[in-house]
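What the coordinates show
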Amino acid sequence: MNFIHDDFLLHSKTAQNLYHTYAENEPILDYHSHLPPADIAANRQFKNLFEICLEGDHYKWRVMRANGVAERYCTGDADPYEKFAAWARTVPATLRNPLYHWTHLELVRYFGITELLDESSAKSIWERGNAKLQTPELSAQGILKQFDVRVACTTDDPCEDLAHHKAVNATKLGFRMYPTFRPDKALRVDQPQIFNTFVARLEHAANTSISSFQNFLDALKRRHDYFHSAGARLSDHGINYCYATPCTEAEAEKIFAKARAGTGASADEHEKFASLLMLFFGKLDAQRGWTKQLHLGALRSVNTRALSELGPDTGYDNIGDWNQAEPLSKYLNLLEQENALPKMILYNVNPVDNYVLATVTGSFQDGKIAGKIQFGSGWWFLDQKEAIEWQLNALSNTGLFSRFIGMLTDSRSFMSFPRHEYFRRVLCDLLARDVENGELPNDEKLLGTTIRNICFQNASQFLGLELPDASETSA
């Protein structure tokens, strides 16, 4: 039997039935990714396996470095095949790392290749994979269609013109691509160079002059409105922890002016400024009926030498250990006090915070919107089998598992869509285990409806994104 087979990760007949009957054929609503919009709009055709497998994939770069692979084969100037061969030599060393599962799942689903990837199979897999990459089915748009992706949400700076999103959605392709409003740089008054570069771009994008803090807020609102007109219904923030320190607009004005003059805000000033901005963004989302995503707790770019040589998002980030419970609760409470708490998805990267976030969600449900505050899927270091089960168990034990809006790729790679399959297999196996143990009834209607909802329907109903019509998806 091949390593990746029909019943991979499904350890009982019950699990196999649940997956193949209720999960396998559900479409995908990928509501958080880092896919390049330009690649989708241009229908990029990848030249080789390096481009689609390794380009920009910091998950793989991390383990290659750990396996003694030189940087030139990760982010450097080595030949594309040399980089792929270095990855192939690394794959056997990833045994028990989720990359071992993902890599072989991807080879089967994209290329029909069932061989294990290693040094001896690298050349043959390279040649067969490259040949198949030249087919329409494996262009950027072809991949989305092949995996029945109905919606792909990208992650976008407020200053982006969204031309790629508009071009894609003006054509009946069988899927939609929507932007997500990610204004992290708007908080960076502690780093004036980053902040002032952002403000200059914001002035251009909003077609306005920004000479005061109020001008700044007005420009951000214009961009939020613009994103809404382009179909956006989600925002996102990547922050260490929530900011909830009281700050008046007069104080924010002084901090803003200081940063504009080139002097970085102190830690206390940054905390105050960011607190006011996050309340402002929360109110915007609530007014528009958007869903706010909070990605909490990543300790980023810890290797300063690597940061200076390679830049951010190159594989030098790790789990942080900030206190999350009190600041997150304070932030949600401040919005709740003003009747301005939007729908929200909370993600943690530190597993010790699973029960913290899961219980926080229960304190801010409103009895009107089912699952209004969501404990999001396992993120980053936690999007593997063990941690997916941790997240599902914490959610089940403290809230409503049945209202969960499911998995996402959170990836820059077009090779990541099988992560939805991976999640669905884990989900069905977990439920089946409870059935086999007599802890859940063997009621297919109840179980099947729950599975289908978690795989697609819950997210579709919760997020309110416009889906392609039936004529497109059946073409």
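Described below are features of the structure shown in this document.

1. Overview of the overall build of the chain
Broken down by element type, the chain carries 20 helices and nine strands. For the chain, the C-alpha radius of gyration of 23 Å lies close to 23 Å, the compact-globule estimate for 475 residues. By its C-alpha atoms, the chain is 70 × 55 × 45 Å across when sized along the principal axes. Counting only contacts in the chain whose residues sit at least 6 apart along the sequence, the fraction spanning at least 24 positions is 77%.

2. Things to note about the packing of aromatic side chains
Taken as a whole and assessed by the stated rule, the structure comprises 27 aromatic pairs. Geometrically, the ring pair formed by Trp379 and Trp380 is tilted, given 5.6 Å between the ring centres and 50 degrees between the ring planes. Take Trp379 and Trp380: they sit in the same class, and that class is buried. By way of ring pairs, the aromatic residues Phe181, Phe227, Phe280, Phe281 and Trp290 are connected into one cluster. Seen from the ring of Trp87, Lys60 lies directly overhead, with NZ or CZ sitting 5.7 Å from the centre. When the ring centre of Tyr73 is taken as origin, the NZ or CZ atom of Arg72, which lies over that ring, is 5.1 Å away.

3. Brief notes about the pairing of strand E4 (residues 234-239)
Counting buried residues in E4 gives six out of six residues, a clear majority hidden from the surface. Alternating positions in E4 separate into two faces, Leu234, Asp236 and Gly238 on one and Ser235, His237 and Ile239 on the other, with burial throughout. Note: E4 against strand E5 (residues 291-296), six bridges, orientation parallel. In the sheet register, His237 faces E5, and the bridge partner there is Leu294.

4. Some points on the packing of helix H15 (residues 325-337) against helix H16 (residues 354-362)
As a packed pair, H15 and H16 sit with axes 10 Å apart at the nearest point and diverge in direction by 20 degrees. Looking at the two axes, H15 sits roughly parallel to H16. Seen along the crossing, H15 lies across H16 with a hand that is right-handed. Here Ala325, Leu328, Ser329 and Leu332 of H15 come into contact with H16, specifically with Val356, Leu357 and Val360.

5. Observations regarding the sheet that holds strand E2 (residues 149-153)
In sheet architecture, strand pairing relies on hydrogen bonds along the backbone and comes in two forms, parallel and antiparallel. Strand order in the open sheet made by the three strands is E1-E2-E3, with parallel pairing throughout. A single partner strand is all that each edge strand has here, and the edge strands are strand E1 (28-30) and strand E3 (176-178). For this sheet, the mean inter-axis angle between neighbouring strands, taken without regard to orientation, is 10 degrees. As defined by bridge partners, E2 adjoins E3 across three bridges and the pair is classed as parallel. Residue pairing in the sheet places Ala152 in a bridge with Met177 of E3. Lying on the sheet, helix H19 (residues 444-463) is in contact with E1 and E2; it crosses E1 at an angle near 50 degrees.

6. What to know about the sheet that holds E4
Strand order across the open sheet formed by four strands is E4-E5-E8-E9, with parallel pairing between neighbours. In this open sheet, the two edge strands, each paired with only one partner strand, are E4 and strand E9 (373-375). Along the sheet, successive strands turn relative to each other by an average axial angle of 15 degrees, direction set aside. Summarising the sheet, strand E8 (residues 343-348) and E9 pair through three bridges and their orientation is parallel. For Ile345, the partnering residue across the bridge sits in E9 and is Gln374. In the packing of H19 onto the sheet, the strands contacted are E4, E5, E8 and E9, and the crossing angle to E8 comes to about 130 degrees.

7. Description of the side chain of Ser33
Following the sequence through the fold, Ser33 ends up in the loop between E1 and helix H2 (37-41). Here Leu35 takes part through its backbone nitrogen, which lies 3.4 Å from a polar atom of the side chain of Ser33. Dropping the residues within four chain positions of it, Ser33 is found in contact with Cys153, Thr154, Thr155, Thr409, Asp410 and Ser411.

8. A look at the pattern of salt bridges
Summed over the entire model, instances satisfying the criterion amount to 32 salt bridges. Here Arg433 ties to Asp429 by a salt bridge, and the two come within 3.3 Å at their closest N and O atoms. Of the two residues, Arg433 and Asp429 both sit in helix H18 (residues 418-436), four residues apart, roughly one turn of that helix. The network of salt bridges with common partners includes Asp39, Arg44, Glu51 and Glu55.

Cut-off values and rules
- Residues numbered from 1 in each chain as written.
- Predicted model: local features only at pLDDT ≥ 70, side-chain atom pairs only at ≥ 80, totals over all residues.
- Heavy atoms only, no water.
- Helix = DSSP H or I, 4+ residues; strand = E, 2+ residues; numbered from the N terminus.
- Rg over C-alpha atoms; globule rule 2.2 N^0.38 Å.
- Contact = heavy atoms within 4.5 Å.
- Phe/Tyr/Trp six-rings, centres within 6.5 Å; stacked < 30°, edge-to-face > 60°.
- Buried < 20%, exposed > 50% of the residue type's maximum accessible area, 1.4 Å probe, protein only.
- Lys NZ or Arg CZ within 6 Å of the ring centre and 35° of its normal.
- Pairing = 2+ DSSP bridges.
- Axes fitted to C-alpha atoms, helices over the stretch in contact; angles between N-to-C directions.
- Parallel < 35°, antiparallel > 145°, perpendicular 65-115°, else oblique.
- Left-handed = near helix turned anticlockwise from the far one by under 90°.
- Polar contact = N/O pair within 3.5 Å; in protein donor to acceptor, adjacent residues only side chain to side chain.
- Salt bridge = Lys/Arg side-chain N within 4 Å of Asp/Glu carboxyl O.

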